[in-house]
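# Fold and geometry: a report
Each chain, letter by letter, is given below.
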Amino acid sequence: MHNHDHHQNKSSSRIAWAFFLNVTFTIIEFIGGVLTNSTAIMADAVHDLGDSLSIALAWILAKLGNKPASQSFSYGYKRLSLLGSLVNGMVLIAGSAWVLYQSIPRLSNPEMPVTEGMLALSIFGIAVNGFAAFKLSKGKTMNEKVLNWHLLEDVLGWVAVFIVSIVLMFVEWPILDPILAIGFTLFILFNVLRNVGSTLKLFLQGVPDKNLAKKIEDKLKSIPEFQSFHHLHLWSLDGEHHVLTVHIELYADISLEAQRSLKSQLSDELAEFALSHTTVEFELHGESCRDDKSNMNSQT
């Protein structure tokens, strides 16, 4: 329990770091956008403001997710973190669409910004957002992964600004700014859509890992006392903490002591998978399953 709490505290700390760095730099970015007369920087400042709000939401939901289970939420509140991941993904998609909306018209009407100010802000932006992304890259939750894409988008955006500002110091090609902005936005959008898809699947209680499910099935098949199993359901609370339920039919009627021993053996066999919740029901030989058998996964 101590290690689990320590892990959750570290996750919350990483998100807090990302929030304070992002919101501070967003303020600096708005000021810099005005001083450099750069619409690209102003657009990124608005996007970063949305990132800051998303990170704040993720931070709050992550902390609420650590609350213990209650009568109303018997599995606890960890799915709030998953909800935060889904909301943040949607915000990032909307933000990317907004950047594209602003950048595409500039292809036909580009403007020269103050390149020296762009260069200074780009170096600062790469350093701040890069450090925040590095902090979150150590996280394993879906929430942290989606937030990391927020920050990675910002890093790539500032790399684009850095490259453009260097080039524009030597040649007057302002069209490079919207071209690079569109390029990195499409790249990030593609990856975020994949993450949102994974998050949505978990949110709808899809199987979190097919390989893990196959390994669990193989474990169950390897125990000679088990004739078959059905109603095997594997889903995840938040992408990290998985839940398993299964009905197992025994080859023969056995005593309560033998069942107790078999449960202990099964617990040892499943220990390597670090499941957060497991519910196993033994059915004696020939016993009818009380649940509907028309919609179950049966294995022999």
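Reading guide: rules and limits
- Residues numbered from 1 in each chain as written.
- Predicted model: local features only at pLDDT ≥ 70, side-chain atom pairs only at ≥ 80, totals over all residues.
- Heavy atoms only, no water.
- Pairing = 2+ DSSP bridges.
- Helix = DSSP H or I, 4+ residues; strand = E, 2+ residues; numbered from the N terminus.
- Axes fitted to C-alpha atoms, helices over the stretch in contact; angles between N-to-C directions.
- Contact = heavy atoms within 4.5 Å.
- Expected span 1.5 Å × (residues − 1).
- Buried < 20%, exposed > 50% of the residue type's maximum accessible area, 1.4 Å probe, protein only.
- Core = buried A, V, L, I, M, F, W, Y, C linked by side-chain atoms within 4.5 Å.

Before going further, it helps to spend a moment on the sheet that holds strand E1 (residues 226–236). The strand order across the open sheet formed by three strands is E1-E2-E3, and the pairing between neighbours is mixed. Both outer strands of the open sheet, E1 and strand E3 (277–283), are each paired with one neighbouring strand and no more. Recorded for the sheet is a direction-independent mean angle of 10° between the axes of neighbouring strands. Sheet topology places E1 next to strand E2 (residues 242–250); eight bridges connect them, and they run antiparallel. Bridge assignment links Ser228 to a residue of E2, and that residue is Glu249. In this fold helix H7 (residues 210–221) packs onto E1 and E2, with an angle of close to 155° to the strand it touches most, E1.

What follows concerns the pairing of E3. With seven bridges joining them, E2 and E3 adopt parallel strand pairing. Bridging from a neighbouring strand, Val243 pairs with His277 of E3.

Before going further, it helps to spend a moment on helix H4 (residues 115–136). Compared with an ideal rise of 1.5 Å per residue, which puts 22 residues at 32 Å, H4 spans 31 Å between its outermost C-alpha atoms and is within 8% of the ideal. Every buried residue belonging to H4 is among Thr115, Gly117, Met118, Leu119, Leu121, Ser122, Gly125, Val128, Asn129, Ala132, Ala133 and Leu136, and all of these are buried.

Turning our eyes to something else, we now look at the nonpolar core. Counting residues in hydrophobic clusters, the biggest one holds 19 residues, and the most contacted among them are Ile216, Leu220, Phe226, Leu234, Leu244, Ile248 and Leu266. Listed by contribution, the elements that provide at least two residues to this core are H7, E1, E2 and helix H8 (256–270). Grouped together as the second largest cluster of nonpolar side chains are 10 residues, Ile15, Ala18, Phe19 and Ile55 included.

What follows is about the environment of Ile27. Mapped onto the elements, Ile27 comes out in helix H1 (residues 2–36). Residues Ile27 and Ala45 lie 18 residues apart in sequence; the distance between their C-alpha atoms is 7.9 Å.

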